[in-house]
Amino acid sequence: MSDSETHLPLPKHDWPVMEPGWVWLCGAGPGDPGLLTLHALNALRQADVVVYDALVEDTILDWAPQAEHMYAGKRGGKPSVKQRDISLRLVDLAKEGKRVLRLKGGDPFVFGRGGEEAQTLIQHGVNVRIIPGISAGIGGLAYAGVPVTHRDVNQAVTFVTGHDQSGETPASLNWDALAKGAQVLVIYMGMKHADRIANALMAGGKPADEPVAVVSQATTPDQKVLETTLGKMAADIEASGMEPPAIVCVGRAVLMRQVLDWQALARGETPRNLDPLGRGKPAEQA
Ligand code: SAH
């Protein structure tokens, strides 16, 4: 391969050098390789080994042709690797003097166990750099045309996981309080327990007609979006045949997709509703 093929151009900047024995814990974004950060690209160019998750697209690995690629995911039909084994493997690789790039889907510190991996590395005396990434709950929704905050809708956004360590709906969460206090909920890993989550939120007072969007494989060519309501969400997910990974967004911000579905507009469709929140005046008028 020529230099221009292996060396993706980076703009002029004082880019950090990956030293042997360091682990860079890096977010790869939700899927679309264009959503990597420049720090991630800089790391891909320097790594000796890339330890990657199930949610990292293959194209991204192609950008580190010089490196060994090691799978350390927990799904995708491949045998799953225990968290402890992954963390200790990172320690071993670092101690061998490798430049290690630990590449995780989305952002490493958002429901990604990045904190645990970094803690293990630091407890073993390994030097660590953290490179944030675009989390699926923000970037994935943006690709679906859903703004996680919108001034007329919410002044807060709540990120929730639909699984806890036991694989169950998190018992530690006060679903009643979430139903009453969270204006927009962004639920990661919410597919398996969609029915329980919807019921818990409705039992806490969220209306059955609360808008919901489910976005699977967000930002990839296989992205699918389902618009539904809290009351129908579980049945509609089932009927749609949608599979994880998917983000579930509960709240009126979802309505904005009727005007902001930019991918549909790019295909030549017309906006379904220019004023989905019924403001009655142009958006530029505060
Ligand atoms: N650290 C990741 C989240 C890891 S947890 C991040 O910041 O995005 C795994 C969950 O993330 C999945 O179950 C799903 O809810 C969500 N997710 C990750 N990538 C996704 C994608 N491309 N489309 C939809 N959901 C995604």
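Under the annotation held in an unreviewed UniProt entry, the protein carries the name uroporphyrinogen-III C-methyltransferase and is attributed to Marimonas arenosa. In the Sequence similarities (unreviewed entry) part of its UniProt record, the protein is described as follows: "Belongs to the precorrin methyltransferase family."

Draft legend 1. Spatial organisation of the site of the ligand. In the neighbourhood of the ligand, 24 residues make up the surrounding shell, with G106, G112, S135, A136 and A218 lying closest. Looking at the shell around the ligand, the elements that each hand over two or more residues are α6 (136–143), β8 (211–216) and β10 (246–250). Considered class by class, the residues forming the shell around the ligand number 13 nonpolar, 9 polar and 2 charged. Split by domain, the shell around the ligand shows at least three residues from each of two domains, domain 1 (17–134) and domain 2 (137–266).

Draft legend 2. Quick peek at the packing of helix α4 (residues 83–95) against helix α5 (residues 114–123). Their axes nearest at 9 Å, the elements α4 and α5 cross at an angle of 45°. Taken together, the axes of α4 and α5 lie oblique to each other. At the point where α4 passes α5, the crossing takes the right-handed sense. Contact residues: α4 offers Q83, I86, S87, L90, V91 and A94, while α5 offers E116, E117, T120 and L121.

Draft legend 3. Spatial organisation of helix α8 (residues 194–203). Restricting attention to buried positions, one finds in α8 the residues A194, I197, A198 and L201. For α8, the angular spread of buried residues about the axis comes to 95°, placing them on one side. At its buried positions, α8 is contacted by α7 (175–181), β7 (185–188), α9 (233–240) and β10. G205 sits one or two positions beyond α8 and adopts a positive phi of about 115°.

Draft legend 4. View of the sheet that holds strand β1 (residues 22–27). Pairing is parallel across the open sheet formed by 5 strands, whose spatial order is β3-β2-β4-β1-β5. Each end of this open sheet is capped by a strand with a single partner; those strands are β3 (68–71) and β5 (127–131). Going from strand to strand, the sheet's axes swing by 20° on average, the running direction of each strand aside. Where β1 and β5 come together, 5 bridges link them in parallel fashion. Among the inter-strand pairings, W22 is bridged to a residue of β5, identified as N127.

Draft legend 5. Structural detail: the domain arrangement of the protein. Partitioning the protein into domains gives domain 1 (17–134) and domain 2 (137–266). Taken over C-alpha atoms, the centre of domain 1 sits 28 Å from the centre of domain 2. Every contact between the two is made by 9 residues of domain 1 and, on the other side, 11 residues of domain 2. Partitioned by chemical class, the residues of the side of domain 1 that touches domain 2 number 6 nonpolar, 2 polar and 1 charged.

What counts, and at which threshold
The residue numbers shown here count from 1 along each chain, following its written sequence. The model is predicted, so local features are restricted to residues of pLDDT at least 70 and side-chain atom pairs to those at 80 or more, both for listing and for counting; the totals for chains, interfaces and linings are taken over all residues. UniProt positions are given in the numbering used here, feature names are shortened, and annotations may be inferred rather than shown by experiment. Whether a residue is near a molecule or strand depends on its C-beta atom, generated from backbone atoms, being within 6 Å of that molecule or strand. Strands are runs of DSSP state E lasting at least 2 residues, helices are runs of H or I lasting at least 4, and numbering of each runs from the N terminus. In this classification, Asp, Glu, Lys and Arg are treated as charged, Ala, Val, Leu, Ile, Met, Phe, Trp, Tyr, Cys and Pro as nonpolar, and every other residue, Gly included, as polar. Domains are outlined according to an automatic or database domain assignment. Each axis is a line fitted through C-alpha atoms, taken for helices only over the stretch in contact, and angles between the N-to-C directions span 0 to 180 degrees. For classification, angles of less than 35 degrees are called roughly parallel, those exceeding 145 degrees roughly antiparallel, those between 65 and 115 degrees roughly perpendicular, and all remaining angles oblique. Two helices crossing with the near one rotated counterclockwise from the far one by less than a right angle form a left-handed crossing, whereas a clockwise rotation gives a right-handed crossing. In this description, any two residues whose backbone-derived C-beta atoms lie within 7 Å of each other are considered to be in contact. Buried means a residue has 20 or more other C-beta atoms within 10 Å of its own C-beta, exposed means 12 or fewer, and partly exposed covers the counts in between; C-beta atoms are placed from the backbone. When we speak of the arc, we mean the arc of directions from the helix axis to the C-beta atoms. Think of it this way: DSSP has to see at least two bridges between two strands before they count as a pair.

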